[in-house]
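# Reading the structure
One letter stands for each residue in the lines below.
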Amino acid sequence: MKDTCRLFTDLAWLWPLWGDAAVEYAHYCRHVAALVDQHSTRPAATLLNIGCGGGKNAFNLERRFDVTGVDLSPEMLAQAGRLNPGCSFVLGDVRTFRLGRTFDAVLMDYAISWMRDRCDLGAAFRTAHAHLAPGGVLIVTPDATVETFEQGRTTATRATRMEHGQALDVVFIENVHDPDPTDEQYEATVVYLIRDHGRLRVETDHWTLGLFALDTWREVLRETGFEVHESRYIAGDDAYTTFACVKPR
Ligand SMILES: C[S@@+](CC[C@H](N)C(=O)[O-])C[C@H]1O[C@@H](n2cnc3c(N)ncnc32)[C@H](O)[C@@H]1O
């Protein structure tokens, strides 16, 4: 099936409905800020949010840091700008962009999931390294790893918003599948049930994402030049490994 990534292009207007910026993202951002405080060996005032998407993490981090966001999608960046008028947002590919300046901290967002081989994973970490000041910290939390991946896991999330007195009701159904466990990729297929002003639209989306063992993450981060620390992030029933990676002075 062809990759479509419609959630970041023609269906990007649905993104604000998928996950509450002020609740789910706030919880994760407190974890991020605590890790920066724990591991940074420099005062942390500026943060680069790589793969910032619609800016929900930036919204929460902005209270604590001067935030700059980078993303590949102009549609998502437009949303990020509306949600966070006080932050700067720049168009760029996580693997290649260079802003010509450094930050005290870097949050590598969910965009890292689109790194589909070690070569891309290494390129993304080199981008983070190039934008960190010595003593600064990169925070990255793999969404799926070989150790936690659940073949066929299917989730459904519903969100409703009132618009001009009418309900916009969207159900997001996401299914993950790994067709070849010997490679480093898996597929996510999403069905969107969009009830807009009483009419049902059914849309589909398909993403190919990277799937690496935790040892691969550790190895590629160390090869990039980071000193790697690990902690757990618990969100509801799910537990994730977070890497706090210090750029040595
Ligand atoms: C799920 S969204 C992230 C949303 C974000 N957590 C927020 O706070 O709103 C994933 C983002 O990764 C971005 N992305 C995917 N591949 C990328 C790449 N190679 N470079 C930069 N951004 C990329 C997509 O454009 C998308 O906006």
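Above this text you will find the structure in question.
Residues numbered from 1 in each chain as written. Predicted model: local features only at pLDDT ≥ 70, side-chain atom pairs only at ≥ 80, totals over all residues. Heavy atoms only, no water.

A separate point is the site of the ligand. Among the 23 residues in the neighbourhood of the ligand, the closest are listed as K56, N57, D71, V94 and D109. V94 places a main-chain nitrogen or oxygen 2.9 Å from a nitrogen atom of the ligand. Tallied by class, the residues present in the shell around the ligand amount to eleven nonpolar, seven polar and five charged. (Near = heavy atom within 4 Å. Polar contact = N/O pair within 3.5 Å; in protein donor to acceptor, adjacent residues only side chain to side chain. Nonpolar A, V, L, I, M, F, W, Y, C, P; charged D, E, K, R; others polar.)

Counted according to the given criterion, the structure contains 15 salt bridges. The partner of D3 in a salt bridge is R116, and the shortest N-O contact between them spans 2.9 Å. With a gap of 113 residues between them, D3 in the segment before α1 (24-39) and R116 in the loop between β4 (103-108) and α4 (118-130) connect regions that are remote in the sequence. Residue D3 is classed as partly exposed on the basis of its relative accessible area of 25%. (Salt bridge = Lys/Arg side-chain N within 4 Å of Asp/Glu carboxyl O. Helix = DSSP H or I, 4+ residues; strand = E, 2+ residues; numbered from the N terminus. Buried < 20%, exposed > 50% of the residue type's maximum accessible area, 1.4 Å probe, protein only.)

Time to look at α1. The end-to-end C-alpha distance of α1, which contains 16 residues, comes to 24 Å, matching closely the 22 Å that a straight helix rising 1.5 Å per residue would cover. Turning to α1, its buried residues are Y25, A26, Y28, C29, H31, V32, A33, L35, V36 and H39. Those residues of α1 hidden inside the fold are in contact with α2 (56-61), β4, β5 (132-140), β10 (227-235) and β11 (238-246). (Expected span 1.5 Å × (residues − 1). Contact = heavy atoms within 4.5 Å.)

Judged by pairing direction, the sheet is antiparallel, and its four strands sit side by side in the order β6-β7-β8-β9 without closing on themselves. Looking at which strands have only one partner, the edges of the open sheet turn out to be β6 (154-163) and β9 (199-210). Averaged over all pairs of adjacent strands, the angle between strand axes in this sheet comes to 15 degrees, irrespective of strand direction. Note that strand β7 (residues 166-177) and strand β8 (residues 185-196) share ten bridges and pair antiparallel. Within β8, the position partnered with F172 by the bridge is Y192. (Pairing = 2+ DSSP bridges. Axes fitted to C-alpha atoms, helices over the stretch in contact; angles between N-to-C directions.)

Taking 1.5 Å of rise per residue, 13 residues should cover 18 Å, and α4 covers 18 Å from first to last C-alpha, within 8% of that figure. Taken together, the buried positions of α4 are D120, L121, G122, A123, A124, F125, T127, A128 and H129. Looking at the buried side of α4, the elements it contacts are β1 (46-50), β4, β5 and α5 (214-224). Of the residues flanking the start of α4, the one acting as N-cap is D117, its side-chain oxygen 3.1 Å from the backbone nitrogen of C119.

A few words on the packing of aromatic side chains. Under the criterion given, the structure shown has 13 aromatic pairs. Here F172 and Y192 contribute two aromatic rings whose centre-to-centre distance is 5.9 Å and whose plane-to-plane angle is 80 degrees, an arrangement assigned as edge-to-face. With F172 in strand β7 and Y192 in strand β8, this pair connects stretches of sequence that are 20 residues apart. By way of ring pairs, the aromatic residues F8, Y110, W114 and W207 are connected into one cluster. (Phe/Tyr/Trp six-rings, centres within 6.5 Å; stacked < 30°, edge-to-face > 60°.)

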